[in-house]
Amino acid sequence: MVIDGLPAEFVLGRGNKPPTKNMMEAMPYTHSLLSSGKAAAYHAKAAPPTVTMPRLKAMVSGAIGGFLDVAFNFNTQAMLEDNLLEQFYRIGWKLVIHGDETWIKLFPRLFHRQDGVSSFYVKDTVEVDFNVSRHLEAEFASTDWNFLILHYLGLDHVGHIGGRQSILMAPKLKEMDDVIKRIHMNSILDQENSDSHTLLVVVSDHGMTDGGNHGGSSYEETDSLALFIGHGVEESNYSPYDHNEAFQVDIAPTLALLFGVPIPKNNIGVLLTKLFDSLTDDQRLRSLELNSWQLLRLLKAHLPGLHCGESSCYSCEKGLETNVPTSEAKQRLCYLFSKAISAHNSWQFRQHSDFISADINYFQVAAESYNDFLRNASEWLSHRATDKPVNVLMSAIIMMLVSSVLLMGIVFCLFRRVHFAQVGCCSQLEDPYKILHLDEVFVFIVIFLHVLSLGASSLVEEEQYTWHFLTSTLYLIFLSRTIESLLKRPNSVTLQNKDDKTVLPHSSPTDARNNSGHKFTKFRPSKINNHGTCRLFSVVVVLICGRLLRGWHQGGVNWIYLPDISKLLVHAGTSTIKVCQILSLFAIIILGSHAIFKLKSTTNFVYGVWSSLLLSAFLVMLHTMENHIYDLEPMNLSTTSIAQVFYVVASTSAVLTFLASPWIFPVYSMEKQMVYQVRSNSCSTKQRDSFLLSIRETTYLIGTTYTAFWCLLQLLIQQPINAIPILLIYLQILFSIIYFSADRSFHRQWVEVAAIYFLGLAGHFGLGNTNSLATIDVAGAFIGISSHSAVLSGILMFVITYASPSLSYLSMVMYIDMKDITFISSTHEYEWSIFLEKMIALPCLLPLLFNSLVLTSFTIILLLMRNHLFVWSVFSPKYLYVCAATVCVYIGVFIVAATGLYTYSVFCFRTRNPQEKCPQVLRDNVISHSQTNVISQ
């Protein structure tokens, strides 16, 4: 009987203390069995990852699986390793399964009878267990099975919805206790029947955190239960609440030896000796010997030079007492095995002789010697499970390094081309770019420190502190530069591009017209102060939001118990959290609406986009008012339908805005003032400026739509406690774009892109995410889904987890709009290469470069740390997060690039005919105007 997600401390307590009164009252029959000595129980420590499929494999095979089993947990494949069920099937046993369909996927051809249920639809806490219990009476009456599996999922689902303190937890435990009672009271477990050989094994695959999640390596997640009830396991002097510790893999060799089938060949577990106390001494030592020989064969496969057991062993008491410490694994393991065999032979010799020694208990010595070998061999083998073909991994790492270096070279060359194009157009920008400013140096420091921190397990566990600190420091540098510029600005002359409103420093009033013919006008001091104040206010807002995010969740592993804002709101009650949700919703709608109506042209199409935004917000509000996730009532049909309608409205609106905006948005009609460029000898009109302005307005609308709808989606599917953090991240990104657009020459473009990228990473941890799989929100992945779909729920789970990084990538579409692109219009025709280089290349390639450096670096670190103590609990889950983040970067970059390219291509098509030739009348005006310019120059 598998009770999914049941922590052992619910039944056995913690730290040699009994469980709480509520837990004992919830499972009275089970505790009566424990207190009367009719059951034996263990805290069976589960190895990470603590998700169902790899834990089931560990219980039936005794082997530790790979961390990729986390991915296979959502798409289980047939198990090919040697296992208990395969052994039982070979000896003719009939196997029956009712419950989690994972068993059926793991062993598709073994079961005589089966009825599977889906394990991923976590909103169901009732039917999923009823579908198992309804078969009990029929199976009790049936005699055609030898091995019955009952896998109950309801308790795990209760945890995902409301955590350990859920009001549904105690009733669910009582339901499980009733099932145990029904089975035990049935005739098949009648203790009066001395011929009964039936054993009830109650196990849990993993525990759960206080929030009800699992997947990581904390004590709460790895503390699983192993409870044995049946004839032969009674103990008179047994304290059920002693901390009897075992490992989950120990279940496989224990059951194999109890039922007389071979131990699975890849098993690294050790039999639970207390369950063999009813056997004779000879049988107990024989069981230990079989387990030892099985582990020795596994050791020989890993250590080809190991030869133990063939040679003569210690034959006297002196040899038994000798302790030979050695650091060499081969020598120590061989010594321990030989010592155990020698002690066993000595016991057998004394059994067949008349000599009796009162000083030495030879049975005890032999049993302890076997246990000593088994424990050491199991520990050594569990560490060796990380061995992989190093040569193959090294070749892959070399390929990753080469690709990273090539990408770095491309980005560097691109930066130089963009920089020199800007300098060629605006000569006054040349001096500030000759040296690296502090913010530019710090971006390199951030990347270096982050890569360096990946080699420390503690810093990986608490990575949220790293990003909060580094991002805040970067924006403090921005604040310092802003204040410094405000103090120096009155003593300098500032010129403004009349057409593009770009604020540019200039050295002399005589340069009021640059070589490209663009006229500049002197700024008034009030205008200077307005821009400076805007930058100052924006960066302060970003810093304040960052501090609130930092204190919202005490994430990570070591400090999660500390008080934070989210815990205070949870204690305040559901009504307070709903108020926060509604306030966040209204704030996002106000910000989104204000951003939309900042457009120069508010056509009917723009009003349509705004209306769809309001409709989506209304649906989110309805869902918020109907949703009782903290009251722990199951999701009803109303909330599911509302969420489904929202998905349709939001996705349709975003896609239509992307597809239709470039076709509907007007190409602005501006004055036909011609400018003759002496250096390029080209014919250029204000039409080119209007072309670029139209692109910018269109990308601005699309980017605003992306970000606003994305935030509404997150308000729908995120935990309610994360409503305010979603708003804070949205504010950070919006005010960062405002800050960068207030003075486009203040920072280099790659610094601006890096800052937005860093905000996305800091926000990722601000939403409560960590590098532990336990913080993945499973419950939200089923909002709006009426029946289980692995694809849909997987997509929603990905969207929830990477909400903040995805928002930062989507905001890059808005960022394209605020770029200074006067140098494009003044020097080039409508060329694809120029548009790619100057507008969307850096916003796309820089996130790819940053991610490539992290992925390559951590792959090298993981290879070096493959024998580290925390390779499974810390480094492996972090690597899964890095790989998933890589997918997120690719998707985000694709959206940005596709939006920019599609918009540009549509406007090129729409303006193709006017661009083909320059009208003769305008050409004459150009020539006349150019001659006047030449004479004046």
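About the cut-offs
Residues numbered from 1 in each chain as written. Predicted model: local features only at pLDDT ≥ 70, side-chain atom pairs only at ≥ 80, totals over all residues. Heavy atoms only, no water. Helix = DSSP H or I, 4+ residues; strand = E, 2+ residues; numbered from the N terminus. Buried < 20%, exposed > 50% of the residue type's maximum accessible area, 1.4 Å probe, protein only. Contact = heavy atoms within 4.5 Å. Areas by Shrake-Rupley, 256 points an atom, 1.4 Å probe, with all protein chains shown as cover. Core = buried A, V, L, I, M, F, W, Y, C linked by side-chain atoms within 4.5 Å. Axes fitted to C-alpha atoms, helices over the stretch in contact; angles between N-to-C directions. Parallel < 35°, antiparallel > 145°, perpendicular 65-115°, else oblique. Left-handed = near helix turned anticlockwise from the far one by under 90°. Nonpolar A, V, L, I, M, F, W, Y, C, P; charged D, E, K, R; others polar. Phe/Tyr/Trp six-rings, centres within 6.5 Å; stacked < 30°, edge-to-face > 60°. Expected span 1.5 Å × (residues − 1). Bend = angle between axes of the 7 residues up to and from the residue. Salt bridge = Lys/Arg side-chain N within 4 Å of Asp/Glu carboxyl O. Polar contact = N/O pair within 3.5 Å; in protein donor to acceptor, adjacent residues only side chain to side chain. Pairing = 2+ DSSP bridges. pLDDT = per-residue confidence, 0-100.

J.: Just to check I follow, could you spell out the overall build of the protein for this structure?
T.: When its secondary structure is counted, the protein shows 36 helices and 13 strands. When each of the 937 residues of the protein is scored for burial, the buried share is 57%. Sequence separation of 24 or more characterises 77% of the internal contacts of the protein that already satisfy a separation of 6 or more. In the form shown here, the protein has an accessible surface area of approximately 40,400 Å², with 61% of it arising from carbon and sulfur atoms.

J.: Sorry if this is basic, but what is going on with helix 13 (residues 251-258) here?
T.: Residue pairs three or four apart in sequence face the same way in an α-helix, which turns once every 3.6 residues. Summarising burial for helix 13: seven of the eight residues are buried, a large majority. Those residues of helix 13 lying buried are Ile251, Ala252, Pro253, Thr254, Leu255, Ala256 and Leu257. Where helix 13 is buried, its residues touch helix 4 (52-61), helix 6 (84-90), strand 6 (199-203), strand 7 (223-230), strand 8 (245-247) and helix 14 (281-302). Of the residues flanking the end of helix 13, it is Gly260, one or two places downstream, whose phi is positive at about 75 degrees.

J.: Help me understand the nonpolar core in this model?
T.: Soluble globular proteins: nonpolar side chains tend toward being buried together. The biggest cluster of nonpolar side chains holds 130 residues, and the ones touching the most others in it are Tyr475, Phe478, Leu712 and Phe758. Ignoring any residue separated from it by four or fewer positions in sequence, one finds Phe478 in contact with Asp439, Val539, Tyr739, Phe740, His747, Val751 and Ala755. In this structure, Leu56, Val249, Leu303 and Leu381 belong to the second largest nonpolar core, which totals 72 residues.

J.: Please clarify how the packing of helix 24 (residues 574-596) against helix 28 (residues 723-742) should be interpreted in this entry.
T.: For any two helices packed against each other, the geometry comes down to the angle between their axes and how far apart the axes lie. Two elements in contact, helix 24 and helix 28, have axes whose closest approach is 8 Å; the angle formed by their N-to-C orientations is 25 degrees. In terms of orientation, helix 24 lies roughly parallel with respect to helix 28. Crossing angle aside, the handedness with which helix 24 passes helix 28 is left-handed. Of helix 28, the residues touching helix 24 (which contributes Cys580, Gln581, Ser584, Ala587, Ile588, Leu591 and Gly592) are Ala723, Ile724, Ile726, Leu727, Tyr730, Leu731 and Leu734. Within the contact of helix 24 with helix 28, the residues separate by chemical class into eleven nonpolar, three polar and no charged.

J.: Honestly, the packing of aromatic side chains in this entry has me stumped. Any pointers?
T.: Counted according to the given criterion, the structure contains 28 aromatic pairs. Members of the aromatic cluster, each reached through a chain of ring pairs, are Trp467, Tyr757, Phe758, Tyr809 and Phe850.

J.: Hey, could you run me through helix 31 (residues 803-817) in this one?
T.: For helix 31, built from 15 residues, the straight-helix expectation of 21 Å at 1.5 Å per residue is met to within 8% by its first-to-last C-alpha distance of 23 Å. At Ser811, helix 31 is deflected by roughly 25 degrees, the largest bend along its length. With 15 of 15 residues buried, helix 31 lies mostly within the body of the structure.

J.: Before we go on, may I ask you to explain the pattern of salt bridges in this structure?
T.: Side-chain pairs of opposite charge can arise whenever the charged atoms involved come near each other. For the structure on display, the rule yields 20 salt bridges. Close ionic contact of Glu25 with Lys21 constitutes a salt bridge, the shortest N to O distance being 4.0 Å. Here the residue Glu25 and the residue Lys21 both occupy positions in helix 2 (residues 21-26), the gap between them amounting to four residues, near one helical turn. By relative accessible area, which is 48% here, Glu25 ends up partly exposed. Taken together, the shared-partner salt bridges in this structure form one network comprising Glu9, Arg14, Arg164 and Glu220.

J.: Looking at this model, I keep getting lost on the side chain of Asn83. Mind explaining?
T.: As for its placement among the helices and strands, Asn83 is situated in the loop between helix 5 (69-72) and helix 6. Engagement of the side chain of Asn83 in a polar contact is seen with the backbone oxygen of Glu81, the distance being 2.8 Å. Among the polar contacts made by the side chain of Asn83, one reaches the main-chain amide nitrogen of Glu86 at a distance of 2.8 Å. With residues up to four places along the chain from it excluded, the contact list for Asn83 reads Val60, Ser61, Phe107 and Pro264.

J.: In this structure, what is going on with the packing of helix 21 (residues 463-488) against helix 28? I would like to understand it.
T.: Look at helix 21 against helix 28: their axes get within 13 Å of each other, and the N-to-C directions meet at 35 degrees. Where helix 21 crosses over helix 28, the two elements pack in a sense that is left-handed. Residue-level contacts link Tyr475, Phe478 and Thr482 of helix 21 to Ser736, Tyr739 and Phe740 of helix 28. Looking at the contact of helix 21 with helix 28 residue by residue, the classes come out as four nonpolar, two polar and no charged.

J.: What is the right way to look at the pairing of strand 3 (residues 95-100) in this model?
T.: For a regular strand, side chains alternate in direction, first toward one face of the sheet and then toward the other. Most of strand 3 sits inside the fold, with six of its six residues counted as buried. The pairing of strand 3 with strand 4 (residues 111-117) spans six bridges and is classified as parallel. Paired with Asp100 across the bridge in strand 4 is Val117. Bridge count between strand 3 and strand 5 (residues 147-152): five bridges; the pairing is parallel. Following the sheet pairing, Leu95 is matched in strand 5 by Phe147.

J.: Can you walk me through unusual backbone geometry in this structure?
T.: That bond from Pro48 to Pro49 is cis: its omega, 5 degrees, falls within 30 degrees of zero. Its location among the elements puts Pro49 in the loop between strand 2 (39-45) and helix 4.

J.: Looking at this structure, I do not really get the pairing of strand 6. What am I missing?
T.: The element strand 6 is largely enclosed, with a buried count of four among its five residues. Here strand 6 pairs with strand 7 via five bridges, running antiparallel. If you follow Leu199 over to strand 7, its bridge partner there is Gly230.

J.: I'm lost on the environment of Ile840 in this one. Help?
T.: Its location among the elements puts Ile840 in helix 33 (residues 832-864). You can call Ile840 buried: its relative accessible area is 3%. Once the C-alpha coordinates of Ile840 and Thr899 are considered, the two residues, 59 residues apart in sequence, prove to be 9.7 Å apart.

J.: Help me understand the side chain of Glu440 in this model?
T.: Within the fold, Glu440 resides in helix 19 (residues 438-453). Accessibility expressed as a relative area gives 1% for Glu440, which makes it buried. Within the structure, Glu440 has its side chain in polar contact with the backbone nitrogen of His437 (distance 2.9 Å).

J.: For this particular structure, what's the right way to read the environment of Arg910?
T.: With respect to the secondary-structure elements, Arg910 resides in helix 34 (residues 871-910). On the basis of relative accessible area, Arg910 is assigned to the partly exposed category, the value being 30%.

J.: I'm lost on the confidence of the model for the protein in this one. Help?
T.: Interpretation of this model should avoid reading the predicted coordinates in detail wherever pLDDT is low. Mean pLDDT for the protein: 79, with 77% of residues reaching 70 or above. Across the protein, the secondary-structure element scoring lowest on mean pLDDT is helix 15 (residues 317-321), at 36, and the one scoring highest is strand 1 (residues 2-3), at 95. Of the regions scoring below 50 in pLDDT, residues 310-327 engages in 24 contacts with residues more than four places distant in sequence or in other chains. Taken together, the stretch residues 629-634 has pLDDT below 50 and engages in 18 contacts with residues farther than four places along the chain or on a different chain.

J.: For this particular structure, what's the right way to read the environment of Leu863?
T.: Mapped onto the elements of the fold, Leu863 is located in helix 33. Since its relative accessible area comes to 8%, Leu863 is described here as buried. Excluding residues within four positions of it along the chain, Leu863 makes contact with Leu393, Met394 and Ile397.

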